[in-house]
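# Notes for the structure review
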Amino acid sequence: LAAYRTDEGQPWVLPVVKKVEQMIANDKSLNHEYLPILGLPEFRANASRIALGDDSPAIKENRIGSVQSLGGTGALRIGAEFLRRWYNGNNNTATPVYISTPSWENHNSVFVDAGFKDIRTYHYWDAAKRGLDLQGLLGDMEKAPEFSIFILHACAHNPTGTDPTPDQWKQIAAVMKRRFLFPFFDSAYQGFASGSLDKDAWAVRYFVSEGFELFCAQSFSKNFGLYNERVGNLTVVGKDADNVQRVLSQMEKIVRTTWSNPPSQGARIVATTLSSPQLFAEWKDNVKTMADRVLLMRSELRSRLESLGTPGTWNHITEQIGMFSFTGLNPKQVEYMIKEKHIYLMASGRINMCGLTTKNLDYVAKSIHEAVTKIQ
Amino acid sequence: SSWWSHVEMGPPDPILGVTEAFKRDTNSKKMNLGVGAYRDDNGKPYVLNCVRKAEAMIASQKMDKEYLPIAGLADFTRASAQLALGENSEAFKSGRYVTVQGISGTGSLRVGANFLQRFFKPSRDVYLPKPSWGNHTPIFRDAGLQLQAYRYYDPKTCSLDFSGAMDDISKIPEKSIILLHACAHNPTGVDPRQEQWKELAAVVKKRNLLVYFDMAYQGFASGDINRDAWAVRYFIEQGINVILSQSYAKNMGLYGERAGAFTVICSDTEEAKRVESQLKILIRPMYSNPPLNGARIASIILNTPDLRKEWLVEVKGMADRIISMRTQLVSNLKKEGSSHNWQHITDQIGMFCFTGLKPEQVERLIKEFSIYMTKDGRISVAGVTSGNVGYLAHAIHQVTK
């Protein structure tokens, strides 16, 4: 599983998390009572505020809802279960769900297990140009049956690291609006991708400003480094408060039979951090530290490959964003990397940028160079 | 217009409704007997000392926050299995079981229900005792199974309708799924005696039923973890390969930390491995992997001899206080001059008590005395204290005399 690593190749507990955990441990007034079914109120409100922005019209107009969930996966699953029951009529088993090619491999399972029978793919990665296949993507959206559900990566697309530009997002939104397609955002890397919370949430907020009703599954695993505490949030944006209230009441029923109520520890850490201006600033700083290290590794890797004269173009390494990069290495080259150089990537050529350190950059660059020159 | 115009408002949770009304009540003598969480004799939530100690150990260890495996914290799942099965259990020692960490009792039940839906081919029917925990039905239904019932509680005697249960169970179609509460039946507090469990095991075996035990109160019921697990262990000894859900919400007071486990007793270790692989495939698209905090606290307690000893004392303390409140309630009712037979209050066990009060009487308790409980007459004995047991007895007598 993908997790951030320091330049020493070690896991990193964010300093602000350590601080807040100590605060929680010292607070003897806290107990372990059940949270409400939908989660810790301070967590829910703050988590959604992070995604939508302090000045979000949807928040001002009181037409948002939040469901604290077990990680981003849990948020996706609750959203999926709700959509299958309530989206377009009362039985959406036949409603098409579109997932990008490629995508996080668990997306498919989430929607299958939620009961959707028609899971389709939409074009996304253009292997030839090592970038976004926008025409293919838009074409699929034009052809999709009206009311289809589209899973969109809010930022730092997993596994390609390739995101639409704002202009491209505008085109996507226009087609989705015209064809009544439902946006279900998966936001697992807000802040972690560019280092800026606002920048990484641009797409979600744009869709909200365009009047969409949407879901956004948020994960705090990476940007808070709280992987094993399962901190996630499903943000619901609706037309008005009444609709959102009814949606939440039904999501409550779904939560009740899945996990009853969510775990307390991680939500407390996040809520405490986000609701304190000082801690919030510290957190943003910690997030930027992680994002900057990844960005640095990207630029260092690219410059080494270009210095080595490795055949091909390598700008995609710095144009891509987030934890992962689609190097463009083919399966044979990947096999070489694994077997001969003991560098582990996925068969897709996906590399985890967090695995790069100042100590291994040279080795990795040379190995890629060898793989590309020796193996066709 | 909205996508959600046709979405109905979900019905309000009946138990939550009780708490909401309680919160609004300004009567200083008010009592919340709907709460499904333990309270100490001051009516306050109780964080166990062994939990605080385990937390201090965790804080000092400064561990990382890396993902747990899908099946959860291994030290926790192993200790959970041992706690339920007993360290001398052949099934435990041989390793012919799989235990995965679950999101407390609910999450463990749901993983099991999903597993049955996908892999238990002979039947879609789950037989629940009448009555059962309110959430059992929607859990199994959402998992895609069907619900049936067997007689269990006798409202005339406020105790077990054993002949009715045996009669119904003996007629359950073979290879159906039957759910049994291992101890401290929720909501009635009525448990079979060991002799009755033996007969239940025999009929269940004869009908070749798949037994699903829900054990949410081990240690919390009688104060003795071995005694509370007796039925589970007996069934397994009889060659019944049960499946089991455990919760640490009550017995360790870890409610909001969601510590639980789901276990499948298998024919052998090879089968256990195959079952585990399928459980992981079910869990990954639900929440990927479970939360660490509660499981780590529970694991430290179970695996650290001094803390485990301390826990056993504390869980007995909680059980003893509940038993003492039952006793005091009955003696106070006698003192009030009640001529009714209230023996069921002390015969029943665990957090909950089916008082036998009728809806109209419950209504009066709420309106006239600010004593809040669910309409079925169920009280949470955990909400009774030595400070308010007299008031409770007085009120019950007023509405039943």
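Residues numbered from 1 in each chain as written. Chains lettered and ligands numbered in written order. Predicted model: local features only at pLDDT ≥ 70, side-chain atom pairs only at ≥ 80, totals over all residues. Heavy atoms only, no water.

The name recorded for chain B in an unreviewed UniProt entry is Aspartate aminotransferase, from Nyctibius grandis.

As recorded in an unreviewed UniProt entry, chain A goes by Aspartate aminotransferase and comes from Nyctibius grandis. Regarding chain A, the UniProt comment filed under Sequence similarities (unreviewed entry) reads as follows: "Belongs to the class-I pyridoxal-phosphate-dependent aminotransferase family." For chain A, the Subunit (unreviewed entry) comment in UniProt is given as "Homodimer." (UniProt positions renumbered as here; feature names shortened; annotations may be inferred.)

Okay, the overall build of chain A next. Secondary structure summary: chain A contains 15 helices and eleven strands in total. Its C-alpha atoms give chain A a radius of gyration of 21 Å, within 12% of the compact-globule value 21 Å for 376 residues. Dimensions of chain A, computed from C-alpha atoms along their principal axes, come out at roughly 60 × 55 × 35 Å. The buried share of chain A, reckoned over its 376 residues, is 61%. (Helix = DSSP H or I, 4+ residues; strand = E, 2+ residues; numbered from the N terminus. Rg over C-alpha atoms; globule rule 2.2 N^0.38 Å. Buried < 20%, exposed > 50% of the residue type's maximum accessible area, 1.4 Å probe, protein only.)

This paragraph deals with the packing of aromatic side chains. Residue and element names in this part refer to chain A. For the structure shown, the criterion picks out 48 aromatic pairs over all chains. When the ring of Trp169 is compared with that of Phe185, the centres are 5.9 Å apart and the planes differ by 50°; the resulting orientation is tilted. Here the residue Trp169 occupies a position in helix α7 (residues 166-178), and Phe185 occupies one in strand β7 (residues 182-187), the gap between them amounting to 16 residues. Residue Trp169 is classed as buried on the basis of its relative accessible area, which comes to 5%. Using a relative accessible area of 0% as the deciding quantity, one classes Phe185 as buried. Here the aromatic rings of Phe184 and Phe215 are separated by 5.5 Å at their centres, their planes lie at 90°, and the arrangement is edge-to-face. (Phe/Tyr/Trp six-rings, centres within 6.5 Å; stacked < 30°, edge-to-face > 60°.)

Bringing the sheet that holds strand β4 (residues 146-151) of chain B into the picture now. Residues and elements named next belong to chain B. Across the sheet, which stays open at both edges, the seven strands sit in the order β2-β10-β9-β8-β7-β3-β4 with mixed pairing between neighbours. The strands lining the two open edges of the sheet, one partner per strand, are β2 (97-103) and β4. Between one strand and the next, the sheet's axes are offset by a mean angle of 25°, whatever the strand orientation. Where strand β8 (residues 210-215) and strand β9 (residues 243-247) come together, four bridges link them in parallel fashion. By the bridge assignment for β9, Met215 is matched with Gln246. (Pairing = 2+ DSSP bridges. Axes fitted to C-alpha atoms, helices over the stretch in contact; angles between N-to-C directions.)

Two modes of strand pairing occur in sheets, parallel and antiparallel, and in both the strands are linked by backbone hydrogen bonds. Residues and elements named next belong to chain A. Read from one edge of the open sheet, seven strands run β1-β9-β8-β7-β6-β2-β3, paired in mixed fashion. Only two strands of the sheet have a single partner each, and these edge strands are β1 (64-70) and β3 (119-123). The mean angle between the axes of side-by-side strands here comes to 25°, regardless of whether they run parallel or antiparallel. Relative to β3, strand β2 (residues 97-101) is paired through five bridges, and the arrangement is parallel. Across the sheet, residue Ser100 finds its bridge partner in β3, namely Tyr122. The strands that helix α4 (residues 71-86) touches are β1, β6 (149-153), β7, β8 (214-219) and β9 (231-237); relative to β8, the one it contacts most, it runs at about 160°. (Contact = heavy atoms within 4.5 Å.)

Residue and element names in this part refer to chain A. In terms of domains, chain A is made up of domain 1 (15-275) and domain 2 (293-374). Distance from the C-alpha centre of domain 1 to the C-alpha centre of domain 2: 30 Å. Contact with domain 1, which involves 15 residues of that partner, is made by 16 residues of domain 2. Summed over both sides, the interface between domain 1 and domain 2 buries roughly 1200 Å², with carbon and sulfur atoms accounting for 65% of that surface. When residues of domain 1 are sorted by the area they lose upon contact with domain 2, Arg130, Pro159 and Phe192 head the list and together hold 42% of the total. Joining domain 1 to domain 2, the criterion identifies zero salt bridges. Applying the counting rule to domain 1 against domain 2 returns three residue pairs in polar contact (both at pLDDT 80 or more). (Domains from an automatic or database assignment. Buried area = accessible area lost by both parts, 1.4 Å probe. Salt bridge = Lys/Arg side-chain N within 4 Å of Asp/Glu carboxyl O. Polar contact = N/O pair within 3.5 Å; in protein donor to acceptor, adjacent residues only side chain to side chain.)

Before going further, it helps to spend a moment on the layout of surface pockets. Here the largest pocket is characterised by a volume of approximately 1400 Å³. If you go around the largest pocket, you meet 45 residues; those closest to its centre are Lys253 of chain A together with Pro11, Pro12, Asp13 and Pro14 of chain B. Contributions of two or more residues to the lining of the largest pocket are made by α4 and α10 (241-258) of chain A together with α1 (14-24), α6 (136-142) and α15 (359-369) of chain B. Take the lining of the largest pocket: its biggest share by element is nine residues, from α10 of chain A. Classifying every residue of the lining of the largest pocket by side-chain character gives 21 nonpolar, eleven polar and 13 charged. Considered as a void within the structure, the second largest pocket measures approximately 990 Å³ in volume. Every residue lining the second largest pocket is counted, 40 residues in all, and those nearest its centre are Tyr34 and Asn261 of chain A together with Ile15, Gly36 and Ala37 of chain B. Those elements giving two or more residues to the lining of the second largest pocket turn out to be α1 and α5 (104-119) of chain B. The element contributing the most residues to the lining of the second largest pocket is α1 of chain B, with six residues. (1 Å grid on protein atoms, 1.4 Å probe; cavity = no way out; pocket = protein on both sides within 12 Å on 5 of 7 lines; lining within 4 Å. Points joined across faces, edges and corners; volume = space filled by probe spheres on them. Nonpolar A, V, L, I, M, F, W, Y, C, P; charged D, E, K, R; others polar.)

Taken together, the contacts link 57 residues of chain B with 64 residues of chain A. Where chain B abuts chain A, roughly 5400 Å² becomes buried across the two surfaces, and 53% of that area is made up of carbon and sulfur atoms. Looking only at chain B, the three residues that lose the most surface to chain A are Trp3, Trp4 and Lys65 of chain B, adding up to 18% of its buried area. Across the chain B-chain A interface, the total number found is seven salt bridges. A salt bridge links Asp113 of chain A to Arg118 of chain B, with the shortest nitrogen-to-oxygen separation between them at 3.0 Å. Going through the elements one at a time, α2 (49-61), α5, α6, α11 (269-287) and α12 (292-303) of chain B are the ones with two or more residues in the side of chain B that touches chain A. The greatest single-element share of the side of chain B that touches chain A, amounting to six residues, is contributed by α11 of chain B.

One pass over the structure, following the stated rule, counts two cavities of 30 Å³ or more. As a volume, the largest cavity reaches approximately 60 Å³. If you trace the largest cavity, you find it lined by Arg77, Ile78, Glu81, Arg85, Ile254, Thr257 and Thr258 of chain A together with Arg110, Asn114, Asp142 and Met286 of chain B. Residue assignment for the lining of the largest cavity shows that the elements contributing at least two residues are α4 and α10 of chain A together with α5 of chain B. Looking at which element gives the most residues to the lining of the largest cavity, the answer is α4 of chain A, with four residues. For the lining of the largest cavity, the residue count by class is three nonpolar, three polar and five charged. Of the voids in this model, the second largest cavity is the one considered here, and its volume is about 40 Å³. Along its surface, the second largest cavity is lined by Tyr122, Tyr124, Leu137, Leu152, His153, His157, Pro164, Trp169 and Ile172 of chain A. Counting residues per element, the ones that place at least two in the lining of the second largest cavity are β6 and α7 of chain A.

Here we come to the UniProt feature "domain: Aminotransferase class I/classII large" (unreviewed entry) in chain A. Look at the UniProt record and you will see "domain: Aminotransferase class I/classII large" (unreviewed entry) annotated at residues 4-368 of chain A. Annotated as residues 4-368 of chain A, this span is 47% helix and 14% strand, and its ends, taken at the C-alpha atoms, are 22 Å apart.

Attention now goes to the pairing of β2 of chain B. The two faces of a sheet get side chains in turn, since along a regular strand they alternate between them. Residues and elements named next belong to chain B. Counted residue by residue, β2 has seven buried out of seven residues, so it is predominantly covered. Where β2 lies against strand β10 (residues 259-265), seven bridges are found, and the strand directions are antiparallel. Pairing of Ile103 across the sheet is with Ala259, part of β10.

Residues and elements named next belong to chain A. Tallied over the full model, the rule gives 40 salt bridges over all chains. A salt bridge links Arg293 to Asp7, with the shortest nitrogen-to-oxygen separation between them at 3.3 Å. Of this pair, Arg293 sits in helix α12 (residues 277-308) while Asp7 sits in the segment before α1 (15-26), and the two are 286 residues apart along the sequence. Accessibility expressed as a relative area gives 10% for Arg293, which makes it buried. What makes Asp7 partly exposed here is its relative accessible area of 23%. The salt bridge partner of Arg178 is Glu142, with a shortest N-O separation of 2.8 Å.

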